[in-house]
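An overview of the molecular structure
For reference, the chains in residue letters:
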Amino acid sequence: MTSDLSTPAVPDGGADSGGVLDGNAAAGEFAGLLASDPTTVTVRCGSCGATQAFGQLPAYLGGPGTVLRCRECEAMVARVARTPRGTWLDISGSSSWLFPRTPGPV
């Protein structure tokens, strides 16, 4: 897996990314992989333990993939990259993702 994601994502936004956006800008990339709307998810950083809403995570687009970083320590929390082999999802930088309970029959 590391061969397709070996280029490190740097938090400078890159020339093609247009700067840092919030996690809402990355929601489309992640929504195609998850069974729910990622903007409703709460993510815990695996590095510093900070808990933050997906939509509050700084998002870096336009590089070798879409990268989300922790607001507190800037560690990589998650990334998704589309390659000729398929779509890679790396959430190793997070310790947990809380998906809210959806309303349904009781």
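Preceding block: the structure.
For the structure given in this document, a descriptive report is provided here. (Residues numbered from 1 in each chain as written. Predicted model: local features only at pLDDT ≥ 70, side-chain atom pairs only at ≥ 80, totals over all residues. Heavy atoms only, no water.)

**Quick look at the environment of Ser92**
Its location among the elements puts Ser92 in the loop between strand S7 (86-90) and strand S8 (94-98). For Ser92, a relative accessible area of 59% gives the class exposed. Expressed as a C-alpha distance, the spacing of Ser92 and Arg79, which sit 13 residues apart in the sequence, is 9.0 Å. Sequence-distant contacts of Ser92, defined by excluding residues within four places in its chain, comprise Met76 and Val77. At 2.6 Å, the side chain of Ser92 and the side chain of Asp90 are in polar contact. (Helix = DSSP H or I, 4+ residues; strand = E, 2+ residues; numbered from the N terminus. Buried < 20%, exposed > 50% of the residue type's maximum accessible area, 1.4 Å probe, protein only. Contact = heavy atoms within 4.5 Å. Polar contact = N/O pair within 3.5 Å; in protein donor to acceptor, adjacent residues only side chain to side chain.)

**With respect to a nonpolar patch on the surface**
Together, Leu33, Leu89 and Ile91 make up an exposed nonpolar region whose accessible area comes to about 210 Å². Secondary-structure assignment places Ile91 in the loop between S7 and S8. (Patch = residues over 30% accessible without salt bridge, like charges linked within 9 Å, V, L, I, M, F, W, Y side chains within 5 Å. Areas by Shrake-Rupley, 256 points an atom, 1.4 Å probe, with all protein chains shown as cover. Salt bridge = Lys/Arg side-chain N within 4 Å of Asp/Glu carboxyl O.)

**Examining the packing of aromatic side chains**
Under the defined criterion, the tally for this structure stands at two aromatic pairs. Relative to Phe99, the ring of Trp97 has its centre 6.5 Å away and its plane inclined at 25°; by these criteria the two rings are stacked. For Trp97, a relative accessible area of 16% puts it in the buried group. We classify Phe99 as partly exposed; its relative accessible area is 37%. A connected cluster of aromatic rings, assembled from ring pairs, spans Phe54, Trp97 and Phe99. The ring of Tyr60 is capped by Arg69, whose NZ or CZ atom sits 5.9 Å from the centre of that ring. (Phe/Tyr/Trp six-rings, centres within 6.5 Å; stacked < 30°, edge-to-face > 60°. Lys NZ or Arg CZ within 6 Å of the ring centre and 35° of its normal.)

**What to know about the environment of Gln56**
Looking at the secondary structure, you find Gln56 in the loop between strand S3 (51-53) and strand S4 (58-60). Classification of Gln56 by relative accessible area gives partly exposed; the value is 41%. In sequence terms Gln56 and Cys70 are 14 residues apart; their C-alpha atoms lie 8.8 Å from each other.

**Quick look at the nonpolar core**
Within the largest apolar cluster, 17 residues are counted, with the highest numbers of intra-cluster contacts made by Phe30, Val43, Phe54, Leu68 and Trp97. Every element with two or more residues in this core is listed here: helix H2 (27-31), strand S2 (42-45) and strand S6 (76-83). No other element matches the three residues that S6 contributes to this core. Residues in contact with Phe30, not counting those within four places in the same chain, are Pro38, Phe54, Thr66, Leu68, Ala78, Arg79, Val80, Leu89 and Trp97. (Core = buried A, V, L, I, M, F, W, Y, C linked by side-chain atoms within 4.5 Å.)

**Remarks on the sheet that holds S7**
Backbone hydrogen bonds are what pair the strands of a sheet, in a parallel or an antiparallel way. The sheet built from five strands is open, its strands ordered S1-S4-S5-S6-S7 with antiparallel pairing. In the strand order of this sheet, the two ends are held by strand S1 (21-22) and S7, each with one partner. Direction of pairing for S6 relative to S7: antiparallel, over a ladder of five bridges. What sits directly across from Thr83, in S7, is Gly86. (Pairing = 2+ DSSP bridges.)

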